[in-house]
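Read off the chains here:
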Amino acid sequence: MRDLWWAVTSPGLVGEGYCALVPRFEPATLLPAFAALDADPQALHQSVAGSLKGDRLRLGAYFEDLIRFFVMQIAGHRDVQSGVVIYDKKRTVGELDLLFRDGESCHHWELAVKFFLHVPELAPDLGDCFVGPQTRDRFHLKIARVRDHQVPLAGHAAAARVLAPWQPLRSAALLRGRLFYPASSGWDAGVGGSSVAPNHLRGWWCPVDRCDERLPHADSYALLTRREWLAPIDAALDAVTKWDREQVCAWAGEAAATWPVGVARSYVVAGLDPAGRELHRGFLVSVGWPGRGVGDGAGR
């Protein structure tokens, strides 16, 4: 349930003036509904079960399942549809992530959860310097696609027939995630550029061979699976193993010796306080990351 709370209430990635955004949800008004859900979370577990199957969690699908559950079960909206494909004759123009009715109003939301690492030397413009962990995605291209293609897609001529029952329709984006800055810099004060929300979530990153000198201080640490990339960690509730600094650095040293140089590999680490609650998180990346394979596509 903490992932659902994070998906709904955490800060967005994109600044208010960049594109049409879903309005911020007021956490205080959601507390009664979330308290009831906490007492009986079975419906939530059933709603996200599909995206949690398999060996490799698809975070985007999981995030979309969480938001769809929120719209239906917490916000109580009706006529909810997801993954509405728009065709122009036989050509696929795009897909609308979420449609729903709120009283007499109809809404179209584009949903995304993304994590990008800041690589200052990539470009003179700060906003162009964020790369996905596997180097295929670039932040500025992803959000430009959301603004210029995905959000306006409902207004495409090919969508007119499909969306006729949904008029008038309001389109907006709901973007969540975190930006990670070099651990050697003031990572917790990273500014992100003009297109980035000023209160965006921040983290750090460093190569595995520099872990000993750059790993930010914490009382203990936890290595996170993709299932644990959303909500902050609480070792009292999450099935994580707490490591001390020496253990993390030893693990990083082994990775530095065995991971191929220049091949994009990474692992997420959370720093914990004495009670096991998350203080910060970051990526330990392979030596030579991001290498020459930095993508030029927007990704999905």
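Up top is the structure.
Residues numbered from 1 in each chain as written. Predicted model: local features only at pLDDT ≥ 70, side-chain atom pairs only at ≥ 80, totals over all residues. Heavy atoms only, no water.

Caption draft 1: Geometry of the overall build of the protein. Scanning the protein from terminus to terminus reveals 8 helices and 9 strands. For 300 residues, the compact-globule estimate of 2.2 N^0.38 gives 19 Å, and the protein sits close to it at 20 Å. Across the protein, contacts joining residues at least 24 apart in sequence account for 66% of those joining residues at least 6 apart. Taken as a whole, the protein presents about 14500 Å² of accessible surface, with 50% of it coming from carbon and sulfur. When the 33 basic and 34 acidic side-chain charges of the protein are each reduced to a single mean position, those positions are 7 Å apart. (Helix = DSSP H or I, 4+ residues; strand = E, 2+ residues; numbered from the N terminus. Rg over C-alpha atoms; globule rule 2.2 N^0.38 Å. Contact = heavy atoms within 4.5 Å. Areas by Shrake-Rupley, 256 points an atom, 1.4 Å probe, with all protein chains shown as cover. Lys, Arg positive; Asp, Glu negative; His and termini not counted. Charge placed at Lys NZ, Arg CZ, Asp CG, Glu CD.)

Caption draft 2: Geometry of empty space enclosed by the protein. This model, assessed by the stated rule, comprises 1 cavity of 30 Å³ or more. Estimates place the volume of the largest cavity at around 50 Å³. Contributing to the lining of the largest cavity are Leu-13, Val-14, Ala-112, Lys-114, Phe-116, Phe-139, Lys-142, Ile-143, Leu-175 and Arg-176. Elements with a minimum of two residues in the lining of the largest cavity: strand S3 (105–118), helix H5 (139–150) and strand S5 (169–182). (1 Å grid on protein atoms, 1.4 Å probe; cavity = no way out; pocket = protein on both sides within 12 Å on 5 of 7 lines; lining within 4 Å. Points joined across faces, edges and corners; volume = space filled by probe spheres on them.)

Caption draft 3: Unusual backbone geometry, seen in detail. Here the bond from Gln-167 into Pro-168 is cis, since omega is -10°, no more than 30 degrees from zero. Relative to the helices and strands, Pro-168 is located in the loop between helix H6 (160–163) and S5. Cis geometry is found at the peptide bond from Trp-289 to Pro-290, where omega equals 5°. Tracing the sequence through the fold places Pro-290 in the segment after strand S9 (278–285). In this structure, Asp-79 takes a positive phi of about 50° despite not being glycine. Residue placement: Asp-79 occurs in strand S1 (residues 78–88).

Caption draft 4: A look at the nonpolar core. Core analysis: the biggest nonpolar cluster contains 50 residues, and Leu-4, Ile-67 and Trp-109 have the highest contact counts within it. Look past the residues within four positions of Trp-109 in its chain and what remains in contact with it is Val-22, Phe-25, Ile-67, Val-71, Asp-97, Leu-98, Phe-100, Ala-172 and Leu-174. (Core = buried A, V, L, I, M, F, W, Y, C linked by side-chain atoms within 4.5 Å. Buried < 20%, exposed > 50% of the residue type's maximum accessible area, 1.4 Å probe, protein only.)

Caption draft 5: View of the packing of aromatic side chains. Tallied over the entire structure, the rule returns 13 aromatic pairs. Judged by centre distance (5.8 Å) and plane angle (70°), the ring pair of Phe-130 and Phe-139 falls under edge-to-face. Ring centres 5.8 Å apart and planes at 90° place the aromatic pair Trp-251 and Trp-259 in the edge-to-face group. Sitting above the plane of the Trp-166 ring, Arg-101 keeps its charged end 4.6 Å from the centroid. Above the face of the Trp-229 ring, Arg-226 is positioned so that its terminal group lies 4.9 Å from the ring centre. (Phe/Tyr/Trp six-rings, centres within 6.5 Å; stacked < 30°, edge-to-face > 60°. Lys NZ or Arg CZ within 6 Å of the ring centre and 35° of its normal.)

Caption draft 6: How the structure looks around the packing of helix H1 (residues 2–9) against helix H4 (residues 59–74). Relative to each other, H1 and H4 sit at 80°, their axes nearing to 10 Å. In this view, H1 runs roughly perpendicular relative to H4, as classed from their interaxial angle. Residue-level inspection shows Asp-3, Leu-4, Ala-7 and Val-8 of H1 in contact with H4, the latter providing Tyr-62, Phe-63, Leu-66, Ile-67, Phe-69 and Phe-70. By residue class, the composition of the contact of H1 with H4 is 9 nonpolar, no polar and 1 charged. (Axes fitted to C-alpha atoms, helices over the stretch in contact; angles between N-to-C directions. Parallel < 35°, antiparallel > 145°, perpendicular 65-115°, else oblique. Nonpolar A, V, L, I, M, F, W, Y, C, P; charged D, E, K, R; others polar.)

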